[in-house]
Amino acid sequence: MEDDLILEKLENLLNQAKKVEVLSDANFNILDNVMRQYWLIVKQLNGIAPSIFNNIATNGVIDLINRSNLTEAAKDLQEKTGHYKDYWDYLTYSIDITITYVKNYLPEQV
């Protein structure tokens, strides 16, 4: 079933993101990659059920991109660490809530 595959991908992305909670250049790159993959899944979900996923697909993704940009643009380590933590928190929360939405609202047969 396609929604099982989507759930598996989302859970895999959430696990990847949870492994990079601490700021480093490598972790930032991994988190950005997770965010890009997450965006592609949300785009697909929005095509399936726009009434459920439109807000995540538009506002949520824009917020993630902005948080990534703020992290990248930060000049000192303390500021960068704060922005990264915010970015990481928001991305893991977004993936988690998307998993919940898929489980609770996506039609059984996609």
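Computed from a prediction, not measured in an experiment: that's the story for all the values here. (Residues numbered from 1 in each chain as written. Predicted model: local features only at pLDDT ≥ 70, side-chain atom pairs only at ≥ 80, totals over all residues. Heavy atoms only, no water.)

A. Spotlight on the overall build of the chain. Scanning the chain from terminus to terminus reveals four helices and zero strands. When the helices and strands of the chain are listed from N to C terminus, the series reads α-α-α-α. For the chain, whose C-alpha radius of gyration is 14 Å, the value lies close to the compact-globule estimate of 13 Å for 110 residues. With the principal axes as the frame, the chain shows a C-alpha extent of 50 × 25 × 15 Å. In the chain, which comprises 110 residues, the proportion classed as buried is 38%. For the chain, contacts bridging at least 24 residues in sequence account for 75% of all contacts bridging at least 6. Entry remark: accessible area of the chain is about 6400 Å², with carbon and sulfur atoms responsible for 51%. Here the chain carries 10 positive and 16 negative side-chain charges, and the mean point of each set is 3 Å from the other. (Helix = DSSP H or I, 4+ residues; strand = E, 2+ residues; numbered from the N terminus. Rg over C-alpha atoms; globule rule 2.2 N^0.38 Å. Buried < 20%, exposed > 50% of the residue type's maximum accessible area, 1.4 Å probe, protein only. Contact = heavy atoms within 4.5 Å. Areas by Shrake-Rupley, 256 points an atom, 1.4 Å probe, with all protein chains shown as cover. Lys, Arg positive; Asp, Glu negative; His and termini not counted. Charge placed at Lys NZ, Arg CZ, Asp CG, Glu CD.)

B. Looking closely at helix H4 (residues 77-105). With 29 residues, H4 should cover 42 Å at 1.5 Å per step; its first-to-last C-alpha distance of 41 Å lies within 8% of that length. Buried within H4 we find Tyr84, Tyr87, Trp88, Leu91, Thr92, Ser94, Ile95, Thr98, Ile99 and Val102. The N-cap of H4, judged by a side-chain oxygen 3.1 Å from the amide nitrogen of Gln78 a few residues on, is Asp76. (Expected span 1.5 Å × (residues − 1). Polar contact = N/O pair within 3.5 Å; in protein donor to acceptor, adjacent residues only side chain to side chain.)

C. Seen up close, the packing of helix H3 (residues 50-73) against H4. Across the interface, H3 lies against H4 with an axial gap of 8 Å and an inter-helix angle of 165°. Between H3 and H4, the angle falls in the class roughly antiparallel. Note that H3 runs across H4; the crossing there is left-handed. For the contact of H3 with H4, a count of residues per class yields 13 nonpolar, six polar and five charged. (Axes fitted to C-alpha atoms, helices over the stretch in contact; angles between N-to-C directions. Parallel < 35°, antiparallel > 145°, perpendicular 65-115°, else oblique. Left-handed = near helix turned anticlockwise from the far one by under 90°. Nonpolar A, V, L, I, M, F, W, Y, C, P; charged D, E, K, R; others polar.)

D. Region of interest: the side chain of Thr71. Within the secondary structure layout, Thr71 lies in helix H3. Only 2.9 Å separates the side chain of Thr71 from the backbone oxygen of Arg67, close enough to count as a polar contact. The residues touching Thr71, leaving out its near neighbours within four places in the chain, are Phe28, Lys80, His83, Tyr84 and Tyr87.

E. Examining the nonpolar core more closely. Among the nonpolar cores identified, the biggest contains 29 residues, and Leu10, Leu31, Tyr38, Leu91, Ile95 and Val102 are the most heavily contacted of them. Elements with a minimum of two residues in this core: helix H1 (2-18), helix H2 (25-48), H3 and H4. By residue number, the principal contributor to this core is H2, which donates eight residues. Leu10 has contacts with Tyr38, Ile41, Ile95, Thr98, Ile99 and Val102, leaving out every residue within four places of it along the chain. (Core = buried A, V, L, I, M, F, W, Y, C linked by side-chain atoms within 4.5 Å.)

F. Representation of the packing of aromatic side chains in the model. Evaluated as defined, the whole model comprises three aromatic pairs. Relative to Tyr105, the ring of Tyr101 lies with its centre 5.6 Å away and its plane at 75°, an arrangement referred to as edge-to-face. With a gap of four residues between them, Tyr101 and Tyr105 both fall in helix H4, about one helical turn apart. Among the aromatic residues, those joined into a cluster by ring pairs are Phe53, Tyr101 and Tyr105. For Arg67, the ring lying beneath its charged end belongs to Tyr90, and the centroid distance is 4.0 Å. (Phe/Tyr/Trp six-rings, centres within 6.5 Å; stacked < 30°, edge-to-face > 60°. Lys NZ or Arg CZ within 6 Å of the ring centre and 35° of its normal.)

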